[in-house]
Amino acid sequence: MSNPRGEDPPPAKGGPAHLAGPVLAGVLPNQPVTVIEKAAEVAISAGLELVLAFADVTSFPAAGDRDGHLAAQAIDPDGIDDDAAAISESLQSRIADQLDGRGVRWTFVTLAGEPARSLGRFAASINASMIVVGTKEHGLGPKFEGLVTGSVALHLAHRQNCPVLMVPLGRHDPSRDQ
């Protein structure tokens, strides 16, 4: 929009900030495709790169590794989960199939450690515009897991400087809200 002199008006004070950093999405094996779809939709509409990150909880960030991405060490050197690399490769392949032809620039990274912390550190290191994560799925298993481990989405929402988009997973039954 321009004024009669043909000049652009100054930006409004307190107006929305321009998104510049990539959209970071936390992904898991066997996660519903909704999280990746929503993250890709946001990245495409904002003209941003999409970075998909899997946090490997069987490893931890090595000394000097601030974002949980560059170097990692296995929690159990003998390998409690020897197929961590295979899980990451399989997840990346599934994402490639899902995003093929969508017109979004994307990359995949494997982070080390607890998901909320590693996603938060990595988001800060790449100056992410936002973080996209799924909520806990409905059902007894996910509810019990949530009691033990907490919610990655809630941890991120309370501790990040960038917006956190929480994508609901599973069906919600409003009659159970009573």
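Our subject in this report is the structure included herewith. Fair warning: this is a prediction, and the values are worked out from it, not measured in the lab. (Residues numbered from 1 in each chain as written. Predicted model: local features only at pLDDT ≥ 70, side-chain atom pairs only at ≥ 80, totals over all residues. Heavy atoms only, no water.)

### Concerning the sheet that holds strand β2 (residues 50-56)
The sheet built from five strands is open, its strands ordered β5-β2-β1-β6-β7 with parallel pairing. The open sheet has two edge strands with one neighbour each: β5 (106-112) and β7 (164-167). Averaged over all pairs of adjacent strands, the angle between their axes in this sheet comes to 25°, without regard to strand direction. Judged from the three bridges that link them, strand β1 (residues 23-26) and strand β6 (residues 130-134) form a sheet pairing that is parallel. Counterpart to Val23 in the pairing with β6 is Met130. In the packing of helix α2 (residues 84-99) onto the sheet, the strands contacted are β2 and β5, and the crossing angle to β5 comes to about 155°. (Pairing = 2+ DSSP bridges. Helix = DSSP H or I, 4+ residues; strand = E, 2+ residues; numbered from the N terminus. Axes fitted to C-alpha atoms, helices over the stretch in contact; angles between N-to-C directions. Contact = heavy atoms within 4.5 Å.)

### Here we look at α2
The first and last C-alpha atoms of α2 sit 23 Å apart over 16 residues, in line with the 22 Å expected at 1.5 Å per residue. All of the buried residues in α2 are Ala84, Ser88, Leu91, Ile95, Gln98 and Leu99. In an axial view of α2, the angular spread of the buried residues amounts to 85°, which keeps them on one side of the axis. Looking at α2, the residues exposed on the side facing more than 90 degrees away from the buried face are Glu89 and Asp97. On its buried face, α2 sits against α1 (34-46), β2 and β5. (Expected span 1.5 Å × (residues − 1). Buried < 20%, exposed > 50% of the residue type's maximum accessible area, 1.4 Å probe, protein only. Arc of directions from axis to C-beta.)

### Details of the nonpolar core
Of all hydrophobic cores here, the largest spans 22 residues; its most connected members are Val23, Val27, Leu50, Leu52, Ile95, Leu99 and Val132. Mapped onto this core, the elements with two or more residues apiece are β1, α1, β2, α2 and β6. No other element matches α1, which puts six residues into this core. Excluding residues that lie within four positions of it along the chain, Leu50 makes contacts with Val23, Ala25, Ala39, Ala40, Ala43, Leu99, Val104, Arg105, Trp106 and Thr107. (Core = buried A, V, L, I, M, F, W, Y, C linked by side-chain atoms within 4.5 Å.)

### As for the side chain of Gln31
With respect to the element layout, Gln31 can be found in the loop between β1 and α1. If we skip the residues at most four places from it in the chain, Gln31 touches Gly26, Arg94, Gly134 and Leu169.

### Looking at the pairing of β6
Extensive coverage of β6 is indicated by the burial of five of its five residues. Side-chain alternation along β6 places Met130, Val132 and Gly134 on one buried face and Ile131 and Val133 on a second face that is also buried. Pairing analysis gives four bridges linking β6 to β7, with the strands arranged parallel. Bridge pairing in β7 places Val133 opposite Met166.

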